Each structure stands twice: as structure tokens, then as C-alpha cells.
Amino acid sequence: MFNKLRLLTPGPTPLPERVRLALAKDMIHHRKQDFHDVMARVQEKLKILFGTKEVVLPLSSSGTGAMTAAIYSLFAPGEKILVVDGGKFGERWANIARSRGLQVERITLPWGQACTAETLAGKLDSDPEIRGVCVQVSETSTGVLHPVRELASLTRTRDTLLICDGISAVGISPCPMDEWGIDCLLTGSQKGLMLPPGLSLIALSERAWSRATILEPGCFYFDLPAERKKVLGNETHFTTPVNLIVGLDESLSMLLADGLETIYRKQWALTMLARQGARALGLELFAKSHYTWGLTSILLPEGVDGKKVLELAEKEFGVAMAGGQDKLKGRAIRIGHMGWVDWGDVLAGLYALDRSILACSGFSGSRDYLEQAMAAYQAALTVTPGDPLPAVRIRS
Ligand SMILES: *Cc1c(COP(=O)(O)O)cnc(C)c1O
């Protein structure tokens, strides 16, 4: 028995009541003053979220639309780009780039591993024709966090743009665009931003804008320079999902209320909770060192059917989690802990996971896994601002 479905999936994520109420407001017109006021507020807050002085464009699409807009706006057919391919979403970069007629080079990584700066430096040094590098800040299919700050230190000194899919990172772990030297950062509404799906957000650096404005737009709908002109006047090029923008106004206020560092610390602590809980359950964590802060990927014991575990967790305990994709299908569980998710939800997720695995296989780990998970969470919350955290530092 349960009275709500807990969405511990890496998008969509649960919605706070404040956001749901904002979404329920009466319609306003996207070419009139009420909407201009909302857009102006949203723009200021988005700049803080993205860590940029440049404009952040809302697009009416899921996250992949913004990925498409980036590729079609920044590269011309025939140009060469390099894709960091360490999972499902890295692969998506390559597919979009091919559809644009680009030459695609790859850094192919074993799933679960992060791209190192040395690997990227080697590739860039050996091929000066590479015009752009596409990477996920957080590769959601594996739970790996690529060291984007270090990768950016290599691209920012070259004539190579760094395009970052931050769909499972923005609002979840630090990714200050201007400070790190990222040329394009994008995200979607349904992950860290506590909104329904349907809106994507994209920002370009000054040098990326220089390129976008001289290139023939590759796509009529995703014409970023045209979109920028409109957004500077607090509108969008085409009819925007008005209620999502109104919801975004609210969710950004919530995210920024106590400063982004508070959100990052909470996300970090939830990650520690999930990881310690899984370890105590005797399960193997898939991403060993560079792990993302919005989900935890866990390998199931040999012979345990992941599909069955997920079904039981949802049916018996009301907890929806994600399975592995492609080569991890049936073998892994991904617990999402991004957006409006708190410690109680993740504990419920661990409990549901334990009970479901036990029911499928008789496998179980130590019985004080919930206490161990909570202890790790409490300890992580005491990290003071500026302390170095593994993989990424909150503050430089
Ligand atoms: C969810 C996700 C996507 C896909 O976004 P859609 O909104 O489904 O288009 C792409 N990249 C990453 C890293 C994601 O987590």
C-alpha cells in the first residue's frame, strides 16, 4: 500500500507544489506585457543558473532539440567535430552530427569511464581540423560525470568549441559556463529544473555566437541568432509553451532562494546517501570515481533480472526507477535523485530496491543499510562551502 508514486527516475522528476500551482495559472499571451515581465525575470535567473553573462534561450522542445540546435547552428556540413562517446547520450551527439553532414571523430570510452584531459589533448593535438568537441557533463546512461572543467581548459585555448549537454547536470552539479570556458551549455526542463518535459534551454559563449551569426542557419525552427533577437526583447521566435515559462520562473526562484551551492550540496549528499546505501546492500556501483550527482547507477548481482526488480519496486512499493540502457539492459538499476527529490524518497528507493532484489533472488546485504546511507548523507551535508568535493569542486 502506498499513496503516491515516487518518481526516482532521471527525468521526468517530481514537481513541487509551488511549481504545479504556477503551471495551473490562467493563460497569458506570449506577445504581451505580462509575458515580457515573466521572460525578463526568467532571463536574469537563468544567467545565474548557467553562470553566464550571455542570453539563455528557451526552446520549445525536449533536451534533444537543444542538442540539435547546437549542432545545426555552430557547424557547417563537412566540418569535423569530436564526440566523447561513453554512453547512450554521447552516441546521440554523433547521430545528430551525422544528420547535419559533419565528419564525426570519436573518443570511444568503455561505459562507466570518464573522458580524461590527456585523452582529449592527444586527439586535439593530432587533428587540428577539429572544430568542436561535444560531450555530456553528466552521461545519464552510465551515471558518469565527465571532467568538463579540465576539458574546457584545452578547448578554450584552441579554435575549437566545447559543446556541453548539461541535461542531467544543470541545477544538479556545478557547471559555471563562463568561468569554465564552455562554449555551449544546454539543458531540458524535466531533470534538475523541477518542471514537466517540453522546454529546453541553451546558451552560447561570445565566440560561439560569432560563429552562429556567420553560418547559414541549418534549420528554420532552431535558428539561434533569430531566437536571440526575440529573447533580447523578452519574447520567443515562435509561440512558446507559456505555462512552462511561468513554471520556470517559479522553479528558478526556488533553486536560487538559498543560493545554488545549497542545491549542489543537497545533490552531493543525496549521491552519498544512494551510493553508501547501495554499497551496504552489497551491490556494485557502476560509475566508480567520476559519478554524477543526480543519479546513481548500480549493477545487479549475477542472475537477477533487472526488469523484474523494477516492476516489483513500482508495483509493491510505488517507487519508479530506471533500468540500464543498451548493454546494461536488465543488468543495472539507475536511481534518479534529481529535482524535487529528498532523502526520504531515496531511502524509500533503497528499501524498495532491497526488498525487490530479495524477492527475485534471495540476495541481500547488511541489514543496517538505511542507517549507513543516512550517516553518509549527514556527513556529506556538513561539507562547508569551498571544500573540495571529489570529481568537481563547488567553488573555484
Ligand atoms: C535526458 C537526457 C537527454 C534527452 O533529453 P530529451 O529531453 O529526452 O530529449 C539527453 N542527454 C542527457 C544527458 C540526458 O540526461
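As the structure is a computational prediction, the values presented were derived from the model and not from experiment. (Residues numbered from 1 in each chain as written. Predicted model: local features only at pLDDT ≥ 70, side-chain atom pairs only at ≥ 80, totals over all residues. Heavy atoms only, no water.)

Visitor: Account for the sheet that holds strand β11 (residues 284-285), with residues named and values stated.
Guide: Within a sheet, each strand pairs with its neighbour through backbone hydrogen bonds, oriented either parallel or antiparallel. If you trace the 4 strands from one edge of the open sheet to the other, you get β11-β12-β15-β14, paired in antiparallel fashion. Strand pairing shows two members of the sheet lacking a second neighbour, β11 and β14 (322-323), which therefore form its edges. Relative to strand β15 (residues 332-336), strand β12 (residues 295-299) runs antiparallel, the two being bridged by 5 bridges. When the sheet's bridge partners are listed, isoleucine 298 is paired in β15 with isoleucine 333. (Pairing = 2+ DSSP bridges. Helix = DSSP H or I, 4+ residues; strand = E, 2+ residues; numbered from the N terminus.)

Visitor: Could you give me a rundown of the domain arrangement of the protein, with the residues and numbers involved?
Guide: By domain assignment, the protein separates into domain 1 (17-257) and domain 2 (259-380). The centre of domain 1, based on its C-alpha atoms, is set 28 Å off from the matching centre of domain 2. Listed as interface residues are 29 residues of domain 1 and, on the opposing side, 22 residues of domain 2. When domain 1 packs against domain 2, the two sides together hide about 2200 Å² of surface, and 67% of this comes from carbon and sulfur. Across the contact surface, domain 1 and domain 2 share 1 salt bridge. Across the pair lysine 88 and aspartate 326 runs a salt bridge, and its minimum N-O distance is 3.4 Å. Within the residue set of the side of domain 1 that touches domain 2, elements represented by two or more residues are α2 (33-50), α4 (88-99), β6 (138-139), β7 (144-145) and α10 (242-256). Considered class by class, the residues forming the side of domain 1 that touches domain 2 number 15 nonpolar, 10 polar and 4 charged. (Domains from an automatic or database assignment. Contact = heavy atoms within 4.5 Å. Buried area = accessible area lost by both parts, 1.4 Å probe. Salt bridge = Lys/Arg side-chain N within 4 Å of Asp/Glu carboxyl O. Nonpolar A, V, L, I, M, F, W, Y, C, P; charged D, E, K, R; others polar.)

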